[in-house]
Amino acid sequence: MPPVIRFEDVVKRFGDTTVLSDLNFDVAPGERVTLIGPSGSGKTTILRLVMTLEHLTEGYIWIDGKPLTHDRRDGNRVQLKQKEVAETRKQIGMVFQHFNLFPNMSVIDNVTEAPVHVLGRGKEEARERALALLDQVGLKDRADEHPSRLSGGQKQRVAIARALAMDPKILLLDEVTSALDPELVGDVLGVLRDVAESTDISMLIVTHEMQFARDVSHKVMMFDGGQILEQGAPADILSNPSHDRTRKFLDSVL
Amino acid sequence: MTDNLEALRDALPRLGEGVAITLQLTLGGALVAFIVSVVFGLLSISPAGPLRWVSTVVVEFFRGTSLVVQLFWLYYVMPLFGVSMDAVLTGVIALGLNYGAYGAEIVRGSINAVDKGQWEGATALNMSPLTRMRRIIWPQAWVLMLSGYNNLLVMLIKGTAVALFIGLQDLGYQIDELRVDTATIFAYGIGLLLYYLIALAASTGLRALEKRARRRLGLSAGSVHASAGAAL
Ligand SMILES: Nc1ncnc2c1ncn2[C@@H]1O[C@H](COP(=O)(O)OP(=O)(O)O)[C@@H](O)[C@H]1O
Ligand SMILES: [Mg+2]
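Small disclaimer: the values here were computed from a predicted structure and weren't measured.

### Notes on the overall build of chain B
Here is step 1: Within chain B, the secondary structure is distributed over eight helices and zero strands.
Here is step 2: Ordered by position in the sequence, the α and β elements of chain B form the string α-α-α-α-α-α-α-α.
Here is step 3: Its C-alpha atoms give chain B principal-axis dimensions of about 70 × 50 × 20 Å.
Here is step 4: Counting every position in chain B, which comprises 232 residues, the buried fraction comes to 46%.

Laid out in structure tokens, this is it:
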């Protein structure tokens, strides 16, 4: 089986600033990988590249062996059309630090919107699935409310249900608890642990919650200046890092 | 004063006709301006360079040249090319193009003011650009647009008085006629009042729409311009 995500010689520049230079890594099907590293080391950029929210400057990203935004054809790098990108992107979902729920619709409509209007599922079918997902995240009784009436932790759980409603193969989580009051973090992480245990969705996780990273991820990658400083099993990297920088970083977040 | 009132009573039917013309120009002009503003506002944020360019040129042209001159062109010059229109229709089109050009800026600005996270959230759900605009961005931009449209509509109502230049007997014209039989201050006072009432009615209607739209987004009914969606 091909890796579910492959970064091949990925370069990302913003103007004159090179954020990622010749980055290579693979994520195996069903694998959950946590990215750690100091602020500005490029973690968010990696997730945003996979979600096609940033333009890939050079290199290739392969999803399930297929090109995401750029393909190699006859030795040339060619940019794919919107339609082709969408075909691959439908397997990818993302949860954001600031939720990004749609304020122009109710909680349940947030969850059914894309299944109905992107995947073309029936309204009833989408609604049943959405209710089951809202139940899974503990918010079934809030289905018909407006999202502005929910707490941050509840909003984030709706955002998780919304992403899951698209049946993604890959889920990208970018500091999903960083904007929450400390007492709300636990519920959101609980929901994510549950998703990790009950599905084989591959995940790229950026988090400062080291216990969570240790529990749910198969692999931890430590980034520094857009490069992988070291990677390995969470127990190894988080308990016995071989680099000073990793140790310093871990001390700073604990 | 009794003379003034008597003259006003005699002039009422004509004033009524004037109000009718002004309302036709207002409603027709507003409708055309709305369509023009949406079309060119959307073109101005199109990913295709040539479309953006066309929009910029058209918007700048109609904003940068005088409404009166545009009206003259439509009414007196176009017939030389075999295109002649009824005066009210000419007024409606001129007002629609001119105020629509300003409206395009309102549409563009409102769409750009929708929180970036909303665009990204929609993309992460694999929405096509069209679905994203129609289902997510436009409904949120709409709330922001309404207050801009409110100002623009009031300006358009005042702008309908240019109809005088192509011989239309609108409210402005009839007020001027009234002046012949009454004190100048009286006639123009009536004029101020009638234009104000029309503007007030239009403005109240749009404000009600805006309130309803804000409530739908879960925003308070006040007119604080919180960027929609920022905290969701
Ligand atoms: N849109 C952007 N324009 C310019 N520079 C950016 C942009 N986004 C990110 N960067 C830069 O890229 C680097 C990596 O950022 P980011 O991926 O957000 O890091 P992290 O998530 O690890 O904190 C930072 O130096 C940041 O300033
Ligand atoms: Mg980040």
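After presenting the structure, the write-up continues.
### Considerations on the overall build of chain A
Here is step 1: Summing up its helical and strand segments, chain A has nine helices and twelve strands in all.
Here is step 2: In terms of overall dimensions, chain A is globule-like: its C-alpha atoms have a radius of gyration of 18 Å, near the 18 Å expected for 254 residues.
Here is step 3: With the C-alpha coordinates of chain A rotated into their principal frame, the extents come out at 50 × 50 × 35 Å.

### Some thoughts on the sheet that holds strand E10 (residues 202-206) of chain A
Residues and elements named next belong to chain A.
Here is step 1: A sheet is described by the order of its strands in space; here six strands give the open sequence E8-E9-E10-E3-E11-E12, paired in mixed fashion. A strand with exactly one partner marks an edge of an open sheet, and here the two such strands are strand E8 (92-95) and strand E12 (227-232). Between one strand axis and the next, the sheet turns through 20° on average, direction left out of account.
Here is step 2: One ladder, built from five bridges, connects strand E11 (residues 219-224) with E12; its direction is antiparallel. In the sheet register, methionine 221 faces E12, and the bridge partner there is glutamine 231.
Here is step 3: Contacting strand E3 (32-36), E11 and E12, helix H9 (residues 244-253) runs over the sheet at an angle of about 100° to E11.

### So, the side chain of aspartate 224 of chain A
All names here are of chain A.
Here is step 1: Note that aspartate 224 resides in strand E11.
Here is step 2: Residue aspartate 224 is classed as buried on the basis of its relative accessible area of 19%.
Here is step 3: One polar contact links aspartate 224 to arginine 245, side chain to side chain, over a distance of 2.3 Å.
Here is step 4: In this view, aspartate 224 contacts Pro38, Ser41, Leu229 and Arg245; residues no more than four positions away in its chain are not counted.

### Things to note about the pairing of E10 of chain A
Residues and elements named next belong to chain A.
Here is step 1: Judged by how many residues are buried, E10 sits mostly within the fold: five of five residues are covered.
Here is step 2: Covered by surrounding structure in E10 are Ser202, Leu204 and Val206 together with Met203 and Ile205, the residues of both alternating faces.
Here is step 3: Summarising the sheet, E3 and E10 pair through four bridges and their orientation is parallel. Within E10, the residue paired with threonine 34 across the bridge is isoleucine 205.
Here is step 4: Note that strand E9 (residues 170-174) and E10 share five bridges and pair parallel. Paired with isoleucine 170 across the two strands is serine 202, which belongs to E10.
Here is step 5: For the handedness criterion, the β-α-β arrangement of E9, helix H6 (residues 182-198) and E10 is classed as right-handed.

### Some thoughts on H6 of chain A
Here is step 1: Between its first and last C-alpha, H6 of chain A extends 26 Å over 17 residues, near the 24 Å set by a 1.5 Å rise per residue.
Here is step 2: Tucked inside the fold, the buried residues of H6 of chain A contact E3, helix H4 (123-136), helix H5 (152-164), E9, E10 and helix H7 (210-216) of chain A.

### Topic: the site of ligand 1
Residues and elements named next belong to chain A.
Here is step 1: Surveying the vicinity of ligand 1 reveals the residues Phe14, Val19, Pro38, Ser39, Gly40, Ser41, Gly42, Lys43, Thr44 and Thr45.
Here is step 2: For ligand 1, an oxygen atom lies 2.8 Å from a polar atom in the side chain of lysine 43.
Here is step 3: Threonine 44 has a polar side-chain atom sitting 2.7 Å from an oxygen atom of ligand 1.
Here is step 4: Counting residues per element, the shell around ligand 1 draws most heavily on helix H1 (residues 43-50), which supplies three residues.
Here is step 5: Partitioning the shell around ligand 1 into residue classes produces three nonpolar, six polar and one charged.

### What about the pairing of strand E6 (residues 70-73) of chain A?
Residues and elements named next belong to chain A.
Here is step 1: With four bridges joining them, E6 and strand E7 (residues 76-79) adopt antiparallel strand pairing. Note that in E7 the partner of arginine 73 across the bridge is asparagine 76.
Here is step 2: In this structure, the hairpin formed by E6 and E7 is closed by a connection of two residues, where aspartate 74 is found at a positive phi of approximately 50°.

### Regarding H1 of chain A
A turn of α-helix holds 3.6 residues, and therefore any two residues three or four places apart point the same way.
Here is step 1: Buried residues dominate H1 of chain A, accounting for seven of its eight residues.
Here is step 2: Two residues or fewer past H1 of chain A, threonine 52 of chain A is found with a positive phi of approximately 65°.

### Things to note about the sheet that holds strand E5 (residues 66-67) of chain A
All names here are of chain A.
Here is step 1: In space, the four strands of this open sheet follow the order E2-E1-E4-E5, with antiparallel pairing throughout. Across the chains shown, the open sheet's two edge strands, defined by having one partner strand only, are strand E2 (17-27) and E5.
Here is step 2: Two elements, strand E1 (residues 5-14) and strand E4 (residues 58-63), share five bridges in a ladder whose sense is antiparallel. Looking at E4, one finds that glutamate 8 is bridged to tyrosine 60.

### With respect to the interface of chain B and chain A
Here is step 1: Contact with chain B, which involves 24 residues of that partner, is made by 30 residues of chain A.
Here is step 2: Carbon and sulfur atoms supply 58% of the area that chain B and chain A bury against each other, a total of about 2,200 Å² over both sides.
Here is step 3: Linking chain B with chain A are two salt bridges, by the criterion used here.
Here is step 4: When the shortest N-O distance is used, the salt bridge between arginine 48 of chain A and glutamate 120 of chain B registers 2.8 Å.
Here is step 5: Linking chain B to chain A there are eleven residue pairs in polar contact (both at pLDDT 80 or more).
Here is step 6: Elements that contribute at least two residues to the side of chain B that touches chain A include exactly helix H5 (116-124) and helix H6 (129-159) of chain B.
Here is step 7: Its residues assigned to classes, the side of chain B that touches chain A comprises ten nonpolar, nine polar and five charged.

Cut-off values and rules
Residues numbered from 1 in each chain as written. Chains lettered and ligands numbered in written order. Predicted model: local features only at pLDDT ≥ 70, side-chain atom pairs only at ≥ 80, totals over all residues. Heavy atoms only, no water. Helix = DSSP H or I, 4+ residues; strand = E, 2+ residues; numbered from the N terminus. Buried < 20%, exposed > 50% of the residue type's maximum accessible area, 1.4 Å probe, protein only. Rg over C-alpha atoms; globule rule 2.2 N^0.38 Å. Pairing = 2+ DSSP bridges. Axes fitted to C-alpha atoms, helices over the stretch in contact; angles between N-to-C directions. Contact = heavy atoms within 4.5 Å. Polar contact = N/O pair within 3.5 Å; in protein donor to acceptor, adjacent residues only side chain to side chain. Right-handed = clockwise from strand over helix to strand, strands pointing away. Expected span 1.5 Å × (residues − 1). Near = heavy atom within 4 Å. Nonpolar A, V, L, I, M, F, W, Y, C, P; charged D, E, K, R; others polar. Buried area = accessible area lost by both parts, 1.4 Å probe. Salt bridge = Lys/Arg side-chain N within 4 Å of Asp/Glu carboxyl O.

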